[in-house]
Amino acid sequence: MASTLKKIIIGLVALAILIAITLPTILHKAGMHPAYNGPTTTLPGKRALIITTSHAVLNNPGETTGDATGVMASEMTHPYYTFTDGGMKVDLASIQGGEIPVDPETLSRAIISPEDKRYLADATLQAKVKNSLKIDDVDFNQYDIIFLAGGWGAAYDLGQSKVLGEKISEAYFNTDKTPIIGSVCHGALGLIQAKDENGQLLIAGRKITGVTDKQIKELGITATPLHPETELRKAGAVFESSTAFVDMFATHVTVDDEKRFVTGQNQNSGLETAHKIMAIIAER
């Protein structure tokens, strides 16, 4: 009896170790951070601005303590390296400026991406993350691409920023650069305060995607003050998305009819979103 029990325990331990070792591969095969195998584009001389959250704590509104959060690493690193590898100059900005909080869980062994690992060895990008520009001080009209990264932190400050809404509105009507405005996951919340010249919401009637309410419920993180699908629909956007047995493994990229907004559904969509933006600019 004791010998049988010992064998069972040893077997369970071995199984747990095997699962831990193979978990990254299992998640990748299920759809987490899919590789991009489409066409690539180079845009030497063009400029991109990536904007992130400054909020570092996952908590209920009004609370000051909670688990560490911030930008999801891949939602910053995937577009950053897509743009820089394509010959672009890339600046990083955040709502408050200074050090960008990077959600530590998104750099865990289970879900870390190759671009995240590249960031951890990249002194240049690390310096930009530590000393991000404050959006108030950035001239958005200097950029060909404006990209809003997500992560749970973005639920607390991107959609609430009047300054961000005003600057996106101004950039949209810049006839010199005619920038493409992109986002991934919770980054789409940064679009909800942008307005047209008549004071109407800029994304009303446009095809936009962001993280689904279904994914948020499945992950059990519902305390955040704004949820992208809900807020985009409130703003009048034509919300598009894909689904999976668990939406964390879904992916979708939406291009509006005018080809001015290119948005990715969730953390799996950043690479394709960035490449599609560059391809549209190259076709102009």
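A. Structural context of helix 6 (residues 162–172). Leu-164, Gly-165, Lys-167, Ile-168, Ser-169, Ala-171 and Tyr-172 are the residues of helix 6 that are buried. If you follow the buried residues of helix 6, they end up packed against strand 1 (47–52), strand 6 (145–148), strand 7 (180–184) and strand 11 (261–264).

B. Molecular detail of the pairing of strand 4 (residues 89–94). For strand 4, a buried count of 5 out of 6 residues is recorded, marking the element as mostly surrounded by other parts of the structure. When strand 1 meets strand 4, the two strands line up parallel, connected through 6 bridges. From the neighbouring strand, Leu-49 faces strand 4, where its bridge partner is Asp-91.

C. Local environment of the pattern of salt bridges. Applying the stated criterion across every chain, the model contains 13 salt bridges. As a salt-bridge pair, Glu-231 and Lys-234 come within 3.5 Å of each other at their nearest N and O atoms. Here Lys-234 and Glu-231 lie together in helix 8 (residues 228–234), a separation of 3 residues that amounts to about one turn. By relative accessible area, Lys-234 is classed as exposed at 61%. For Glu-272, the salt bridge goes to Lys-276, with nearest N and O atoms at 3.5 Å. Highlighted residues: Glu-272 and Lys-276, both in helix 9 (residues 270–283), separated by 4 residues, approximately one helical turn.

D. Region of interest: the packing of helix 2 (residues 73–85) against helix 9. Packing of helix 2 against helix 9 brings their axes to within 8 Å, and their N-to-C directions diverge by 35 degrees. Read as a crossing pair, helix 2 and helix 9 show a hand that is right-handed. For the pair formed by helix 2 and helix 9, the contact residues are His-78, Pro-79, Thr-82 and Phe-83 on the first element and Gly-270, Leu-271, Ala-274, His-275 and Met-278 on the second. Per-class residue counts for the contact of helix 2 with helix 9 are 5 nonpolar, 4 polar and no charged.

E. Layout of the sheet that holds strand 5 (residues 133–134). In space, the 7 strands of this open sheet follow the order 5-4-1-6-7-11-10, with mixed pairing throughout. What marks the edges here is a single partner per strand, and that holds for strand 5 and strand 10 (253–255). Helix-sheet contacts for helix 6 involve strand 1, strand 6, strand 7 and strand 11, and the interaxial angle to strand 6 is about 150 degrees.

Rules of the game
- Residues numbered from 1 in each chain as written.
- Predicted model: local features only at pLDDT ≥ 70, side-chain atom pairs only at ≥ 80, totals over all residues.
- Heavy atoms only, no water.
- Buried < 20%, exposed > 50% of the residue type's maximum accessible area, 1.4 Å probe, protein only.
- Helix = DSSP H or I, 4+ residues; strand = E, 2+ residues; numbered from the N terminus.
- Contact = heavy atoms within 4.5 Å.
- Pairing = 2+ DSSP bridges.
- Salt bridge = Lys/Arg side-chain N within 4 Å of Asp/Glu carboxyl O.
- Axes fitted to C-alpha atoms, helices over the stretch in contact; angles between N-to-C directions.
- Left-handed = near helix turned anticlockwise from the far one by under 90°.
- Nonpolar A, V, L, I, M, F, W, Y, C, P; charged D, E, K, R; others polar.

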